[in-house]
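Structure at a glance
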Amino acid sequence: MDLREERPEDGQAVRSLHREAFGDHGSVVAELTDDLRGTLAPDGGLSLVAEQAGHVVGHVMFTRNLLDAPRCLVEVQVLSPLAVAPGHQRRGVGSALVRSGLEILSKRPVPLVFLEGDPAYYSRFGFVPGGELGFRKPSLRIPDAAFQVLKLPKYEEWMTGTLVYSQLFWQHDAVGLRDADA
């Protein structure tokens, strides 16, 4: 398996991967990914793919968002989305993508990485519940345990506050969980 930065010609494969991996929610994730890709700039985000036998089998994206800290706005990264083709899950593809992305980001001026996800999975990378460290989630729809953060080497103690998602997450209604019964 090869890990590398996503290239323009990977777009359709990444889109198909998200549709397959996220089932009923796949189209929303694929569209969000397409739009987030347009926000990536050198040192302003990261999109990695896992390729096996010439096929994209995994994808992870880190994008620029803001932390509303009392002193000033702080540029942070959000890990979203992460997808692995169903036939390649539970083989370390997702873990390899996350570890590689975090290693790259730790060498950049990025102080924090946030995500919404399963603590049982993401704790292996050092993510902890954000609320326990004084961070506030951007929506009450995000379960407390799912709102997670990882401090990178550029983190400073004054960097606390509320995570502010980029407009694209709101535009695609990709923040937290919707109440299906409401």
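Placed above this text is the structure.
Parameters and conventions
- Residues numbered from 1 in each chain as written.
- Predicted model: local features only at pLDDT ≥ 70, side-chain atom pairs only at ≥ 80, totals over all residues.
- Heavy atoms only, no water.
- Helix = DSSP H or I, 4+ residues; strand = E, 2+ residues; numbered from the N terminus.
- Contact = heavy atoms within 4.5 Å.
- 1 Å grid on protein atoms, 1.4 Å probe; cavity = no way out; pocket = protein on both sides within 12 Å on 5 of 7 lines; lining within 4 Å.
- Points joined across faces, edges and corners; volume = space filled by probe spheres on them.
- Nonpolar A, V, L, I, M, F, W, Y, C, P; charged D, E, K, R; others polar.
- Axes fitted to C-alpha atoms, helices over the stretch in contact; angles between N-to-C directions.
- Left-handed = near helix turned anticlockwise from the far one by under 90°.
- Expected span 1.5 Å × (residues − 1).
- Buried < 20%, exposed > 50% of the residue type's maximum accessible area, 1.4 Å probe, protein only.
- Arc of directions from axis to C-beta.

**Observations regarding the environment of Gly-176**
Mapped onto the secondary structure, Gly-176 falls in the segment after α5 (167-171). A C-alpha to C-alpha distance of 19 Å links Gly-176 and Gly-134, two positions 42 residues apart in sequence. When neighbours within four sequence positions are excluded, Gly-176 is seen to be in contact with Glu-116, Arg-141 and Ile-142.

**As for the layout of surface pockets**
The space that makes up the largest pocket amounts to roughly 1,100 Å³. For the largest pocket, the lining is made up of 37 residues, of which Phe-22, Leu-82, Glu-116, Gly-117 and Tyr-122 are closest to its centre. Broken down by secondary-structure element, the contributors of at least two residues to the lining of the largest pocket are α2 (26-37), β4 (73-84), α3 (93-106), β5 (112-116) and α4 (119-122). Among the residues forming the lining of the largest pocket, the class breakdown is 22 nonpolar, eight polar and seven charged. Put simply, the second largest pocket is a space of about 180 Å³. If you trace the second largest pocket, you find 13 residues lining it, with Glu-5, Glu-6, Leu-40, Leu-46 and Ser-47 closest to the centre. Of all the elements, strand β2 (residues 45-52) adds the most residues to the lining of the second largest pocket, at three residues. Residues of the lining of the second largest pocket, tallied by class, amount to five nonpolar, two polar and six charged.

**Quick look at unusual backbone geometry**
Of note, the bond from Ser-80 into Pro-81 is cis; its omega dihedral lies within 30 degrees of zero at 0°. Looking at the secondary structure, you find Pro-81 in strand β4. In the Ramachandran plot, Arg-90 falls in the positive-phi region, its phi being about 65° despite a non-glycine side chain. Assignment of secondary structure puts Arg-90 in the loop between β4 and α3. In this structure, Asp-173 takes a positive phi of about 50° despite not being glycine.

**Re the packing of helix α1 (residues 11-21) against α2**
Closest axis-to-axis distance for the α1/α2 pair is 7 Å, and the angle between their directions is 145°. Every pair of crossing elements has a handedness; the one defined by α1 and α2 is right-handed. Of α2, the residues touching α1 (which contributes Gly-11, Val-14, Arg-15, His-18 and Arg-19) are Gly-26, Ser-27, Val-29, Ala-30, Glu-31, Thr-33, Asp-34 and Arg-37. In terms of residue class, the contact of α1 with α2 is made up of three nonpolar, five polar and five charged.

**Quick word on α2**
Across its 12 residues, α2 extends 16 Å between first and last C-alpha, which sits within 8% of the 16 Å expected from 1.5 Å per residue. Listing the buried residues of α2 in full gives Gly-26, Val-29, Ala-30, Leu-32, Thr-33 and Leu-36. Buried residues in α2, looked at end-on, bunch into an arc of 165°, giving them a common side. If you follow the buried residues of α2, they end up packed against α1, β3 (55-68), β4 and α5.

Any link to function would need more than the numbers given here.
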